[in-house]
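Fold and contact review
In case you want the letters, here they are:
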Amino acid sequence: MKILFYDATSYDKESFDKELEYFKEIEVTYQETDISEKTVSLAEGYDAICAFVNSDLSAGVLEKLHEIGISLILLRCAGFNNVDLEKAKAYGITVLRVPGYSPEAVAEHAMALALCVNRHIHKSYIKVRENNFSLVGLTGVDFYGKTAGIIGTGKIGAAMCRICRGFGMRVIAYDMYHNPDLDFVEYKELEDVLKESDLISLHCPLTEETHHLVNAETIRMMKDNVVFVNTSRGALVHTEDLIQGIRSGKFFGVGLDVYEEESANVFENREDELLESSITARLLSFPNVVVTSHQGFLTKEALAAISEITLQNAMDFEKGQIKEGNRV
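For the structure given in this document, a descriptive report is provided here.

Conventions and cut-offs
- Residues numbered from 1 in each chain as written.
- Predicted model: local features only at pLDDT ≥ 70, side-chain atom pairs only at ≥ 80, totals over all residues.
- Heavy atoms only, no water.
- Helix = DSSP H or I, 4+ residues; strand = E, 2+ residues; numbered from the N terminus.
- Rg over C-alpha atoms; globule rule 2.2 N^0.38 Å.
- Buried < 20%, exposed > 50% of the residue type's maximum accessible area, 1.4 Å probe, protein only.
- Areas by Shrake-Rupley, 256 points an atom, 1.4 Å probe, with all protein chains shown as cover.
- Lys, Arg positive; Asp, Glu negative; His and termini not counted.
- Charge placed at Lys NZ, Arg CZ, Asp CG, Glu CD.
- Pairing = 2+ DSSP bridges.
- Axes fitted to C-alpha atoms, helices over the stretch in contact; angles between N-to-C directions.
- Polar contact = N/O pair within 3.5 Å; in protein donor to acceptor, adjacent residues only side chain to side chain.
- Contact = heavy atoms within 4.5 Å.
- Phe/Tyr/Trp six-rings, centres within 6.5 Å; stacked < 30°, edge-to-face > 60°.
- Parallel < 35°, antiparallel > 145°, perpendicular 65-115°, else oblique.
- Left-handed = near helix turned anticlockwise from the far one by under 90°.
- Core = buried A, V, L, I, M, F, W, Y, C linked by side-chain atoms within 4.5 Å.
- Salt bridge = Lys/Arg side-chain N within 4 Å of Asp/Glu carboxyl O.

Summing up its helical and strand segments, the protein has eleven helices and twelve strands in all. For 328 residues, the compact-globule formula gives about 20 Å, and the C-alpha radius of gyration of the protein, at 21 Å, lands near that figure. The burial tally for the protein puts 50% of its 328 residues in the buried class. For the protein, the accessible surface area stands at approximately 16,100 Å², while carbon and sulfur atoms represent 49% of it. In the protein, the 32 positive side-chain charges and the 51 negative ones have mean positions that sit 5 Å from each other.

The structure is reproduced here in C-alpha cells:
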C-alpha cells in the first residue's frame, strides 16, 4: 500500500519511520504541504492519503480524491469535524482515525495550562529573565480543596478527572453518558457544573450540539475568578464572548490550546508575519491568558501510539478487518 502523508512534520517522519519497520507492506511518502483542492493531484497513484486535524477534507477535496481513485483517508488524530462525512460516504471513501492514543498527554497539558495561568508562570518567567524578582502580580490560589468541573468524561476527560482528584480537588462533571469508572466523580447538569466550579476544563467533541457551548450566557453562569481551560476544539467556545468575559474580569485565568480561527496558525512558523486576524492578537494581549499551539497531543508516547494505530488501520483496511471504533 502506498500512502501520501500531507502536512508532515519532522516529528511525524521520525515517529512513523520507526513504526514502518514493523509494517513492511506499506510505502510512505511525506509531503510538507497540506491537502487542498490544488494539492490533491499529488496523491495520484497512491492508494491512500494521511491527513491531520486541521486538513481540508471538504466536499471539493473529497470529490477530487474520488476522481483520482483514493478510497481510504487515514486521520492521524481523533477529531474528524474537518471531514465532510456525507460526501465521503457518497464517494465510497473510508475514513479511519485514531480514537485514543494518549489521553493522559492532553489531560496533562490541560492541567499544565491551568497551573500556568493560576500561578502566573508565563509572567514570572519573563520577569525573571529581565532580572525582576518582584512577586507583585504573581499571587495564585490553591487548587487543593477547590472544585474542578470537567465537561466531557471520555478517555481524556476521565484522565483529567483523575489528575484533579490527585490534586485534592472535588471533581464534578457533565456528560450525557456517565463513565462508570469514575466512581469519585459527581455528575451534574451543565448549569450546576458551571456555577460550582473553580476550574472548568473542556474535553468534549465538536458537534452541532456543542458548537459555542461556552458563550455569553454560559459564561455568566460561571463563578467569578474561575480558571478556564480548553484543549478540545476551538469552536466549543464563542471567542468574542470569551474576550468580553476576560475584559469584564470574569476569569482568574484562561488557558487555550485551541481557539477559533486557529487554522492558519497551527503548526506554522509565522514569526515574521503580521497576523491578519485580530483574534490571536487580542487573546495574547491579556496578561491572564496563555495560548499554546494545539500541542496537547505532542508527547513521544502519543506520537508512537498515533503512528502504530494509523499504520495498523491501513493494514486492517487492506484485509477487510476494520476496527469499528476506528471508523468515522
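Let's shift gears to the sheet that holds strand E2 (residues 27–30). Across the sheet, which stays open at both edges, the five strands sit in the order E2-E1-E3-E4-E5 with parallel pairing between neighbours. Each having just a single partner strand, E2 and strand E5 (94–96) make up the two edges of the open sheet. In this sheet, adjacent strand axes meet at a mean angle of 20° when their direction is disregarded. One ladder, built from three bridges, connects strand E1 (residues 2–5) with strand E3 (residues 48–51); its direction is parallel. When the sheet's bridge partners are listed, leucine 4 is paired in E3 with isoleucine 49.

What follows covers unusual backbone geometry. The phi torsion at histidine 212 lies on the positive side, around 55°, for a residue other than glycine. Classification of histidine 212 by relative accessible area gives buried; the value is 19%. Positive phi, normally seen in glycine, also occurs at asparagine 225, with a value near 65°. For asparagine 225, the location among the structural elements is in the loop between helix H8 (216–221) and strand E10 (226–230).

All right, on to the side chain of serine 201 then. Topologically, serine 201 is positioned in strand E9 (residues 199–202). When its relative accessible area of 0% is taken as the criterion, serine 201 is described as buried. Here histidine 203 takes part through its side chain, which lies 2.7 Å from a polar atom of the side chain of serine 201. For serine 201, the residues in contact, after removing those within four places along its chain, are Ala110, Gly149, Ile150, Ile151, Met160 and Val229.

Once that is clear, we can look at the packing of aromatic side chains. In total, this model carries five aromatic pairs according to the counting rule given. Taking 4.7 Å as the distance between ring centres and 75° as the angle between the ring planes, the aromatic pair formed by phenylalanine 5 and phenylalanine 16 counts as edge-to-face. Residue phenylalanine 5 is found in strand E1, and its partner phenylalanine 16 is found in helix H1 (residues 10–20); the two are separated by eleven residues along the sequence. With respect to class, phenylalanine 5 is no different from phenylalanine 16; both count as buried. When the centroid spacing of 6.1 Å and the interplanar angle of 50° are considered together, the rings of phenylalanine 228 and phenylalanine 251 count as tilted. Of this pair, phenylalanine 228 sits in strand E10 while phenylalanine 251 is found in strand E11 (residues 251–256), placing the two residues 23 residues apart along the sequence. Put simply, the rings of Phe5, Phe16 and Tyr30 touch in pairs and so form one group of aromatic residues.

To continue, consider the packing of H1 against helix H11 (residues 300–319). Interaxial distance between H1 and H11 falls to 9 Å at its minimum, and their mutual angle equals 55°. Judged by the inter-axis angle, H1 sits oblique to H11. The crossing of H1 and H11 is right-handed. Residues Tyr11, Ser15, Phe16, Glu19 and Leu20 of H1 form the contact with H11, whose participating residues are Leu303, Ala304, Ile306, Ser307, Glu308, Thr310 and Leu311.

Another aspect to go through is the nonpolar core. With 50 residues, the main nonpolar core has Ile3, Ile26, Ile49, Leu57, Leu65, Ile73 and Tyr101 as its most contacted residues. Sorting the residues of this core by element identifies E1, H1, E3, helix H2 (59–67), strand E4 (72–75), E5, helix H4 (103–118) and H11 as the ones contributing at least two each. Per element, the largest residue contribution to this core is seven residues, and it comes from H11. Leave out the neighbours within four places in its chain, and isoleucine 26 touches Met1, Ile3, Leu20, Leu311, Ala314 and Met315. Ile151, Ile219, Val237 and Val254 belong to the second largest nonpolar core, which has 27 residues in total.

We now examine the pattern of salt bridges. Taken as a whole, this structure holds twelve salt bridges when the rule is applied. A salt bridge links aspartate 224 to lysine 250; the shortest N-O distance between them is 3.1 Å. Placement of aspartate 224 in the loop between H8 and E10 and of lysine 250 in the loop between helix H9 (239–247) and E11 is noted, with a sequence separation of 26 residues between them. Salt bridges sharing common partners tie together Arg170, Glu186, Lys188 and Glu196.

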